[in-house]
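# Reading the structure
The lines below spell out each chain.
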Amino acid sequence: MSNPPDDEKKKPNQAQPLADELGVEDIYDPIAAGRGRLFSTAGRDAPIVEFTDDCLVLHPPQQPYHETDKGERISIYADDNGVLLDEFGVQKKMGGARFHGHVLYWMAEQKPGTTRHLIAWFDENNRPHKLFVEGEPVTTDMVYKFRNNTHDGEISIFPELESE
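What you see is a predicted model, and the numbers here were worked out from it, not measured in a lab.

Calculation rules
- Residues numbered from 1 in each chain as written.
- Predicted model: local features only at pLDDT ≥ 70, side-chain atom pairs only at ≥ 80, totals over all residues.
- Heavy atoms only, no water.
- Pairing = 2+ DSSP bridges.
- Helix = DSSP H or I, 4+ residues; strand = E, 2+ residues; numbered from the N terminus.
- Axes fitted to C-alpha atoms, helices over the stretch in contact; angles between N-to-C directions.
- Phe/Tyr/Trp six-rings, centres within 6.5 Å; stacked < 30°, edge-to-face > 60°.
- Buried < 20%, exposed > 50% of the residue type's maximum accessible area, 1.4 Å probe, protein only.
- Lys NZ or Arg CZ within 6 Å of the ring centre and 35° of its normal.
- Contact = heavy atoms within 4.5 Å.
- Polar contact = N/O pair within 3.5 Å; in protein donor to acceptor, adjacent residues only side chain to side chain.
- Salt bridge = Lys/Arg side-chain N within 4 Å of Asp/Glu carboxyl O.

In space, the four strands of this open sheet follow the order β1-β2-β3-β4, with antiparallel pairing throughout. In the strand order of this sheet, the two ends are held by β1 (31–34) and β4 (56–59), each with one partner. Each neighbouring strand pair of the sheet contributes to a mean axis angle of 30°, computed without reference to strand direction. As judged from the three bridges shared by strand β2 (residues 37–40) and strand β3 (residues 48–51), these two strands associate in the antiparallel manner. Paired with leucine 38 across the strands is phenylalanine 51, a residue of β3.

Have a look at this one:
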């Protein structure tokens, strides 16, 4: 029996990759537990997701687990009117959708308890008007559904849509 090559020998103080620590082999066992935490895995080469009380944390599978790593902070930018700005600083519009001929904009404001952005149109005085269905604010995903059920993107044809 021969000895493994030096690069395959594990040094005593060397931490092992998180995928190895959790015993990730393939995509058929998507949940793993370790370090008193719950992880989701999708194979040895996919990022490993850690579930926390506040968020999801992605870990590289080939690196050792580090509790003190700095995470990525996702920032949302809006203009003075509350319209969400894209990565180039341009106002986000709802592609192909209109309300009584007005362009619809993604607002930085989100529906409480979700990550879904509200939608609004602006009048000639540059005042925003949100849309509602049965008193609930309309979000971007809802506008896409309405728009996809029209032939020209004019969503004011739906009687359940109201504007403030």
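Structure shown, so let's carry the discussion forward.
With that settled, consider the packing of aromatic side chains. Any two aromatic rings considered together are summarised by their centre-to-centre distance and by the angle between their planes. The tally for this structure, following the rule as stated, stands at four aromatic pairs. Here tyrosine 105 and phenylalanine 122 contribute two aromatic rings whose centre-to-centre distance is 5.5 Å and whose plane-to-plane angle is 80°, an arrangement assigned as edge-to-face. Taken as a pair, tyrosine 105 in strand β6 (residues 102–110) and phenylalanine 122 in strand β7 (residues 117–122) lie far apart in primary sequence, 17 residues in all. The same class applies to tyrosine 105 and to phenylalanine 122, which are both buried. Between lysine 92 and the ring centre of tryptophan 106, over which it is positioned, the NZ or CZ distance is 4.1 Å.

Quick look at the environment of glutamate 50 now. Along the polypeptide, glutamate 50 turns up in strand β3. Spatially, the C-alpha atoms of glutamate 50 and phenylalanine 39 are 4.5 Å apart, while their sequence positions differ by eleven residues. Ignoring any residue separated from it by four or fewer positions in sequence, one finds glutamate 50 in contact with Arg37, Leu38, Phe39, Cys55, Leu56, Val57, His59 and Tyr65. Among the polar contacts listed, one links the side chain of glutamate 50 to the side chain of arginine 37, at a separation of 2.8 Å. Separated by 2.6 Å, the side chains of glutamate 50 and histidine 59 make a polar contact.

Per the counting criterion, the structure on display carries six salt bridges. In this structure, arginine 37 and glutamate 50 form a salt bridge, with 2.8 Å as the shortest nitrogen-oxygen distance. Highlighted residues: arginine 37 in strand β2 and glutamate 50 in strand β3, separated in sequence by 13 residues. The class for arginine 37 is partly exposed, based on a relative accessible area of 26%. With a relative accessible area of 5%, glutamate 50 lands in the buried category. The salt bridge involving aspartate 141 is made with arginine 116; its shortest N-O contact spans 3.5 Å. In this pair, aspartate 141 is assigned in helix α2 (residues 140–148) and arginine 116 in the loop between β6 and β7, connecting sequence segments 25 residues apart.

Treat this as a map of the structure, not an account of what it does.
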